[in-house]
Amino acid sequence: MDLNVIIEQDRVRDSIGVVRSKLQRCLKLGYKAIALSVHIEGNQVGNIPNPLQLTPESLKFFDATKMEIHSRLTVAVDEGLQLHKLGQSPIAKKYDLLALQPMNDKVFNQILTGNLDCDIITFDFSERSPLSFRKAKFSVPKERDIVMEINYAQALQSSSSRHNVFAYGQNLVRKTRGKSILLSSGARNAMALRAPNSVTSLGLLFELPENLSRDSVYLNCLKALRHSRVRKEPALSAVSCEPLKENEKWVRKELLAAGDEKSSSQDMACSSPKRIKMDSVG
């Protein structure tokens, strides 16, 4: 999965033809789910653009049934007041995913302590980061299944960007112990996209163990999507029912068998005292 394929930045949105080429590239690389991202600055939260509406006509020559397409809003926040305005925005709620990019330590700490619930905390590592990870506490995001995103396409801009991305990315991995890390492209053009297996291998360069590197491309993407559903519909956090897949139906049989054994043992326990009492009376 790739949850950060950028289609709008600096108020410039891709044409539908460019979006379609990115979708075709993702499908060719083997992605089963992606998120089309709109990136805005914090001072624009009062004028958030609507998510892109994809219709069968706009997706001609592209089979949308082969890939899940989600919408994502990424906001670069530099003031706490912007978090409040963002939480009140009806347009922000139209997006499937909400990602926050802290621009200073004060906002970073506010996001980490849960001042505004989001699905993804993302970073711009292409330049020298103003954030300090040394004192940052990631316990609240971990408990809430909020993921920390590293965008590998930032490393393709220049040699200095590549150095910054890997240096800050490795620092983030060490601070979080490699858990809840999300590897996304952050790609502005289709040629910056890489196949899922290549991204998993790239995770090793960020000092992620092989299993956590794989999770950063697959499992943690599912975490972000699940968190999004719960954030938008809090009732889902109480009960979530999904039909069993074919390869999971054995679980139902095992539970039913265990239930039958338990009920039969309880019947025997209840009937034994009666027999003992009758025997003693006789």
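That block above? That's the structure.
Residues numbered from 1 in each chain as written. Predicted model: local features only at pLDDT ≥ 70, side-chain atom pairs only at ≥ 80, totals over all residues. Heavy atoms only, no water.

With respect to the overall build of the protein
- Helix and strand content of the protein: nine helices and eight strands.
- Out of the 282 residues in the protein, the part that is buried amounts to 43%.
- Put simply, 77% of the contacts in the protein that link residues at least 6 apart link residues at least 24 apart.
- Working note: accessible area of the protein is about 15,900 Å², and carbon and sulfur atoms make up 53% of it. (Helix = DSSP H or I, 4+ residues; strand = E, 2+ residues; numbered from the N terminus. Buried < 20%, exposed > 50% of the residue type's maximum accessible area, 1.4 Å probe, protein only. Contact = heavy atoms within 4.5 Å. Areas by Shrake-Rupley, 256 points an atom, 1.4 Å probe, with all protein chains shown as cover.)

Description of the layout of surface pockets
- Empty space within the largest pocket amounts to approximately 440 Å³.
- Residue lining of the largest pocket: 27 residues in total, with Ile6, Gln9, Gln154, Gln157 and Gly186 positioned closest to the centre.
- A class-by-class count of the residues in the lining of the largest pocket yields eight nonpolar, 13 polar and six charged. (1 Å grid on protein atoms, 1.4 Å probe; cavity = no way out; pocket = protein on both sides within 12 Å on 5 of 7 lines; lining within 4 Å. Points joined across faces, edges and corners; volume = space filled by probe spheres on them. Nonpolar A, V, L, I, M, F, W, Y, C, P; charged D, E, K, R; others polar.)

A closer look at the environment of Asp10
- By the secondary structure assignment, Asp10 is in the loop between strand S1 (2–9) and strand S2 (12–13).
- For the pair Asp10 and Ile40, spaced 30 residues apart in sequence, the C-alpha to C-alpha distance is 6.6 Å.

What to know about the packing of aromatic side chains
- Within this structure, the stated rule accounts for nine aromatic pairs.
- With 5.9 Å between their ring centres and 75° between their planes, Phe108 and Phe133 make a pair best called edge-to-face. Taken together, the residues span a long stretch of sequence, with Phe108 in helix H3 (residues 105–112) and Phe133 in the loop between strand S6 (120–122) and helix H4 (139–143) at a distance of 25 residues.
- Each ring, one from Phe133 and one from Phe138, has its centre 6.4 Å from the other, and the planes form 45°; the classification is tilted. Phe138 carries the same exposure label as Phe133, and that label is buried.
- Linked through ring pairs, Phe108, Phe123, Phe125, Phe133, Phe138 and Tyr168 together constitute an aromatic cluster. (Phe/Tyr/Trp six-rings, centres within 6.5 Å; stacked < 30°, edge-to-face > 60°.)

Quick look at H3
- Buried residues of H3: Val107, Phe108, Gln110, Ile111 and Leu112, and no others.
- Contacts from the buried residues of H3 go to strand S4 (68–77), helix H2 (80–88), strand S5 (97–102), S6, H4 and strand S7 (147–151).
- For H3, the N-terminal cap is Asn104; the gap from its side-chain oxygen to the backbone nitrogen of Lys106 is 3.3 Å.
- At the exit of H3 stands Gly114, carrying a positive phi of roughly 85°. (Polar contact = N/O pair within 3.5 Å; in protein donor to acceptor, adjacent residues only side chain to side chain.)

Points about a positive patch on the surface
- Positive charge collects at one region of the surface, where Arg134, Lys135, Lys137, Lys142, Lys175, Arg177 and Lys179 lie side by side.
- On the basis of relative accessible area, Lys175 is assigned to the partly exposed category, the value being 32%. (Patch = residues over 30% accessible without salt bridge, like charges linked within 9 Å, V, L, I, M, F, W, Y side chains within 5 Å. Salt bridge = Lys/Arg side-chain N within 4 Å of Asp/Glu carboxyl O. Lys, Arg positive; Asp, Glu negative; His and termini not counted. Charge placed at Lys NZ, Arg CZ, Asp CG, Glu CD.)

A look at a nonpolar patch on the surface
- On the surface, Tyr218, Leu219 and Leu222 cluster together to form a nonpolar patch covering roughly 250 Å² of accessible area.
- Mapped onto the elements of the fold, Leu219 is located in helix H8 (residues 219–232).

With respect to H8
- Between its terminal C-alpha atoms H8 stretches 20 Å, which fits the 20 Å expected from 14 residues at 1.5 Å a residue.
- Within H8 the residues assigned to the buried category are Asn220, Cys221, Lys223, Ala224, Leu225, His227 and Ser228. (Expected span 1.5 Å × (residues − 1).)

Comments concerning a negative patch on the surface
- Residues Asp10, Glu41, Asp78 and Glu79 make up a contiguous surface patch of negative charge.
- With respect to the helices and strands, Glu79 occurs in the loop between S4 and H2.

Function cannot be inferred from these measures alone, as they are strictly geometric.
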